[in-house]
Number of protein chains: 2
Amino acid sequence: MAKTSPARTCPVAAFQKMISGKYKLRIVWDLKDGPRRYGEIRSGLLRGASGSAEITPRVLSRELKALTMSGLIDRKDFGEVPPKVEYRLTRKGKSFVPVVAAIREWGERNLGEATALADAAE
Amino acid sequence: MAKTSPARTCPVAAFQKMISGKYKLRIVWDLKDGPRRYGEIRSGLLRGASGSAEITPRVLSRELKALTMSGLIDRKDFGEVPPKVEYRLTRKGKSFVPVVAAIREWGERNLGEATALADAAE
DNA sequence: CAGCATCCTGCGTGATACTG
DNA sequence: CAGTATCACGCAGGATGCTG
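The following paragraphs examine the structure supplied in this document. Note that the structure is a prediction, hence the values are computed from the model and not measured. (Residues numbered from 1 in each chain as written. Chains lettered and ligands numbered in written order. Predicted model: local features only at pLDDT ≥ 70, side-chain atom pairs only at ≥ 80, totals over all residues. Heavy atoms only, no water.)

This part covers the pairing of strand 3 (residues 84-89) of chain A. All names here are of chain A. Sheet analysis places strand 1 (residues 36-37) next to strand 3, joined by two bridges and oriented antiparallel. Within strand 3, the position partnered with Arg36 by the bridge is Tyr87. In the sheet, strand 2 (residues 73-78) pairs with strand 3 via six bridges, with the strands oriented antiparallel. Considered in strand 3, the bridge of Arg75 is made with Tyr87. Between strand 2 and strand 3, which pair antiparallel and follow one another directly, the connecting turn spans five residues. (Pairing = 2+ DSSP bridges. Helix = DSSP H or I, 4+ residues; strand = E, 2+ residues; numbered from the N terminus.)

Printed below as a string of structure tokens:
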């Protein structure tokens, strides 16, 4: 047991906590294309399968704040008059993108459609 | 944006749903080393930072069932007398291991300690 | 040993309304 | 525009006790 983390909060547990919430991963993914404003993120985050309802500001605000505190994203507030705030990935956030990409890739391949078809003969 | 508009339940959303819960990822990770019995999984899944309390059967049972229905793991029930049940990764589950590995790797590197130190000069 | 049945609680998510 | 304040609710997750 030289390098076997001493019961430290499992990396996966920390990860789960960090991306807990329904939108954090999607926000990070959205931000990978560059900085986005609050409203843009909001417009891009539609709820339900129909994709009609928008996330409530309360929730988005929380997610954004959590991501900021996790150090994944950075909040940039431009002066005041007509409020303008941009969110962008930090270096850490950028390093996280490939992980999300891996998740998406796997998800697209395994959750897209043929979900539980060839799982019987395992 | 030619191919980025399906609006289909985002892969990440599906992923989040699939691994929702505090133990699913850990269970999958545990199972990567081979089949495990119910009790073994339970013993390996300790709660809290102290790692003393064990997961309650109700919860473990749910997680296991969910993972089975997701097609990530497979339940093998040996006869009856003294109940013996083994859980193992399905092909799909195995294909998912690398993703979890990526998550762990990233987590160990970014959540281990130096969490929010060099996030200012981004 | 490997669960299931019941009860209880905190928190994540949403609706709605208001502000600098 | 970019949030905050309040209220409400469903559900994950834990505590206990029981069973085949």
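Tyr23 and Arg62 of chain A together with Ser61, Arg75 and Tyr87 of chain B are the nearest of the 21 residues found near DNA strand C. Among the atoms of DNA strand C close to the protein, meaning within 4 Å, 78% are from sugar or phosphate groups. One of the side-chain nitrogen or oxygen atoms of Arg58 of chain A is found 3.1 Å away from a base oxygen of DNA strand C. One nitrogen or oxygen atom from the side chain of Arg37 of chain B is found 2.9 Å from a phosphate oxygen belonging to DNA strand C. Contributions of two or more residues to the surface near DNA strand C are made by helix 4 (57-70) of chain A together with helix 3 (38-44), helix 4 (57-70) and strand 3 (84-89) of chain B. When residues of the surface near DNA strand C are assigned to their parent elements, the largest contribution, four residues, is made by helix 4 of chain B. (Near = heavy atom within 4 Å. Polar contact = N/O pair within 3.5 Å; in protein donor to acceptor, adjacent residues only side chain to side chain.)

We now examine the interface of chain B and chain A. Between chain B and chain A, the residue contacts involve 38 residues of the former and 38 residues of the latter. In this assembly, chain B packs against chain A so that about 3,400 Å² is buried in total across both faces, 66% of it on carbon and sulfur atoms. Our count for the contact surface shared by chain B and chain A stands at zero salt bridges. Connecting chain B to chain A are four residue pairs in polar contact (both at pLDDT 80 or more). Contributing elements (two or more residues each) for the side of chain B that touches chain A: helix 1 (11-18), helix 2 (24-31) and helix 5 (91-110) of chain B. Taken together, the residues that form the side of chain B that touches chain A break down as 20 nonpolar, nine polar and nine charged. (Contact = heavy atoms within 4.5 Å. Buried area = accessible area lost by both parts, 1.4 Å probe. Salt bridge = Lys/Arg side-chain N within 4 Å of Asp/Glu carboxyl O. Nonpolar A, V, L, I, M, F, W, Y, C, P; charged D, E, K, R; others polar.)

The next point concerns the side chain of Glu63 of chain B. Residue and element names in this part refer to chain B. Residue placement: Glu63 occurs in helix 4. Overall, Glu63 belongs to the buried group, its relative accessible area being 8%. Discounting chain neighbours no more than four positions away, the residues touching Glu63 are Ser20, Gly21, Lys22, Tyr23, Lys24 and Ile27. (Buried < 20%, exposed > 50% of the residue type's maximum accessible area, 1.4 Å probe, protein only.)

This paragraph deals with the relation of the copies chain B and chain A. The pair of chain copies shares a relation made of a rotation about an axis and a shift along it. For the pair chain B and chain A, the best superposition has an RMSD of 0.0 Å and corresponds to a rotation of 180 degrees with a translation of 0.0 Å parallel to the axis. Taken together, the rotation angle and the small translation identify this as a two-fold axis. Take the interface residues of chain B: 97% of them recur as interface residues in chain A, which is what a same-surface contact looks like. (Least-squares fit on C-alpha atoms with pLDDT ≥ 70 in both.)

Attention now goes to the protein's contact with DNA strand D. Lining the immediate environment of DNA strand D, one finds 21 residues, of which Ser61, Arg75 and Tyr87 of chain A together with Lys22 and Arg62 of chain B sit closest. Counting only the atoms of DNA strand D that lie within 4 Å of the protein, the sugar and phosphate share comes to 78%. Between DNA strand D and the protein, one listed contact pairs a phosphate oxygen with a side-chain N or O atom of Arg75 of chain A at 2.3 Å. Within the contact set of DNA strand D, a phosphate oxygen lies 3.0 Å away from a side-chain nitrogen or oxygen of Arg47 of chain B. At the level of elements, helix 3 (38-44), helix 4 and strand 3 of chain A together with helix 4 of chain B are the ones that each hand at least two residues to the surface near DNA strand D. Looking at the surface near DNA strand D element by element, the count peaks at four residues for helix 4 of chain A. Each residue belonging to the surface near DNA strand D can be placed in one class, and the counts come to eight nonpolar, four polar and nine charged.

Looking at the secondary structure, you find Lys32 of chain A in the loop between helix 2 (24-31) and strand 1. Sequence separation between Lys32 of chain A and Lys76 of chain A is 44 residues; the distance between their C-alpha atoms is 16 Å.

Residue and element names in this part refer to chain B. Examined against the element boundaries, Glu105 turns out to sit in helix 5. What makes Glu105 partly exposed here is its relative accessible area of 46%. A sequence separation of 44 residues divides Glu105 from Ser61, and the C-alpha atoms of the two residues are 28 Å apart.

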